[in-house]
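# Structural overview for review
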Amino acid sequence: MKKCKKYCGVVVPVVTPVTACGKVDEKAVERIVSNLAKNNVSPLLMGTTGEGNSVSMAQATRMIEAAKRAAEGKVVIYAGLCGCCWEEQMEAAKRFVDAGADVIAATLPSYYALTAEQMEAYYQQLADNVTVPLMLYNITITTHMSIPLDVVERLSHHPNIVGLKDSENNLPRMQEALEMFADRDDFSYFCGCAANSAAAMAWGADGIVPSVGNYWPEAYQQLYEAGVEGRKEDAEHWQQLTIEIGKINTQGLTLGQSLSGLKVIMKMLGLCDEYMLPPLTEVSEEKKSEIRSRFNDFCEQTKEITFTLNDQET
């Protein structure tokens, strides 16, 4: 059985639920995070799934405060930090920590193509200045850059850098990273590509970061526990189920459209509404109807589907 590190487990990149006027829906945040916490699953707020680049500092702060209330100290609160202005990032990090964030997960500033040296210097400076642990956040689909693993390795020795969330869909890179970090007690590796969760756990990952966990955290907790305990067949069983259900809101859609599709499913379960923050928009009514139909069909055909929300099973 794998030994669990301080930072480990299932961390869900939470959607940002908003009202029709674009303000954070704090009650919805509390419903979502409460459901995660009862399944021993942590939230990552303002990540890619959470439309992080579109959430103002003030609204992000309110979201963290709502999440902190709902978590009731049961799980770690991760807050995503993205942007290109250093001064604004420092102010955001301070506000996020004051609001209750336990860990800051930071992507690269993505307006300019950065050299490896610039990436390393950026994270060094960030780690020196934030007052809570920092997690590196590699996501090439949005930043269009990949943090080289030799840079990650050097940064991993900074006393305030505690891990890497790697959302790059690159199995050789993941295997190489886990050869570096799986046995390190002071540095955690989180797989941010949900379809690779079972493989990541088999190779020694410390955690997984799946967007489907927004409404089905139980499935990923089962996958994670099977991975920790070395039950590879069970982990693969849950992997395939989550891949199939995940296709409902992603197949044939862009990343931004898939986030709208995710909210369509979450509204069906009473978790949040379907509103999106500009520049993203809701998918068409035709697509919404298709997603609802496919989701209902999948649930009817799959015995393992049970959603526990607000102390009631759906």
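Rules behind the numbers
Residues numbered from 1 in each chain as written. Predicted model: local features only at pLDDT ≥ 70, side-chain atom pairs only at ≥ 80, totals over all residues. Heavy atoms only, no water. Helix = DSSP H or I, 4+ residues; strand = E, 2+ residues; numbered from the N terminus. Buried < 20%, exposed > 50% of the residue type's maximum accessible area, 1.4 Å probe, protein only. Contact = heavy atoms within 4.5 Å. Pairing = 2+ DSSP bridges. Right-handed = clockwise from strand over helix to strand, strands pointing away. Axes fitted to C-alpha atoms, helices over the stretch in contact; angles between N-to-C directions. Parallel < 35°, antiparallel > 145°, perpendicular 65-115°, else oblique. Left-handed = near helix turned anticlockwise from the far one by under 90°. Phe/Tyr/Trp six-rings, centres within 6.5 Å; stacked < 30°, edge-to-face > 60°.

### Observations concerning the side chain of Asn-196
- Considering the arrangement of structural elements, one finds Asn-196 in the loop between strand E7 (188-191) and helix H8 (197-202).
- Taking the relative accessible area as the measure of exposure, Asn-196 reaches 10% and is therefore buried.
- In this structure, Asn-196 is in contact with Asn-169, Leu-171, Met-174, Cys-191 and Gln-239, ignoring residues within four places of it in sequence.

### As for the pairing of strand E3 (residues 78-81)
- Of the two faces of E3, both are covered, the one formed by Tyr-78 and Gly-80 as well as the one formed by Ala-79 and Leu-81.
- Two elements, strand E2 (residues 42-45) and E3, share 2 bridges in a ladder whose sense is parallel. Residue pairing in the sheet places Leu-44 in a bridge with Tyr-78 of E3.
- Following the backbone out of E2, through helix H2 (residues 57-71) and into the adjacent parallel E3, one traces a crossover that is right-handed.
- Sheet analysis places E3 next to strand E4 (residues 103-106), joined by 4 bridges and oriented parallel. Opposite Leu-81, over in E4, you have Ala-106 as the bridge partner.
- For the handedness criterion, the β-α-β arrangement of E3, helix H3 (residues 86-99) and E4 is classed as right-handed.

### Concerning the sheet that holds strand E6 (residues 161-166)
- With parallel pairing, the 8 strands of this closed barrel are ordered in space as E1-E2-E3-E4-E5-E6-E7-E8.
- Across the sheet, helix H4 (residues 116-129) is in contact with E3, E4, strand E5 (134-138) and E6; its angle to E5 comes to roughly 150°.

### Description of the packing of helix H9 (residues 217-228) against helix H10 (residues 232-246)
- Look at H9 against H10: their axes get within 8 Å of each other, and the N-to-C directions meet at 155°. Taken together, the axes of H9 and H10 lie roughly antiparallel to each other. Both H9 and H10 take part in a crossing whose hand is left-handed. Contacts from Ala-219, Tyr-220, Gln-222, Leu-223, Ala-226 and Gly-227 of H9 reach H10 at Asp-234, Ala-235, Trp-238, Gln-239 and Thr-242.

### Remarks on unusual backbone geometry
- Pro-279 follows Pro-278 through a cis peptide bond whose omega is 10°.
- Tracing the chain through its elements places Pro-279 in the loop between helix H11 (255-268) and helix H12 (285-301).

### Structural notes on the packing of aromatic side chains
- One pass over the full model with this rule turns up 7 aromatic pairs.
- Relative to Tyr-112, the ring of Tyr-111 lies with its centre 4.9 Å away and its plane at 80°, an arrangement referred to as edge-to-face.
- Residue class for Tyr-111 comes out exposed when judged on its relative accessible area of 67%.
- Taking the relative accessible area as the measure of exposure, Tyr-112 reaches 60% and is therefore exposed.
- Judged by centre distance (5.7 Å) and plane angle (85°), the rings of Tyr-215 and Phe-295 are edge-to-face. Of this pair, Tyr-215 sits in the loop between strand E8 (207-208) and H9 while Phe-295 sits in helix H12, and the two are 80 residues apart along the sequence. We note that Tyr-215, like Phe-295, is buried.

In short, shape yes, function no, at least from these values alone.
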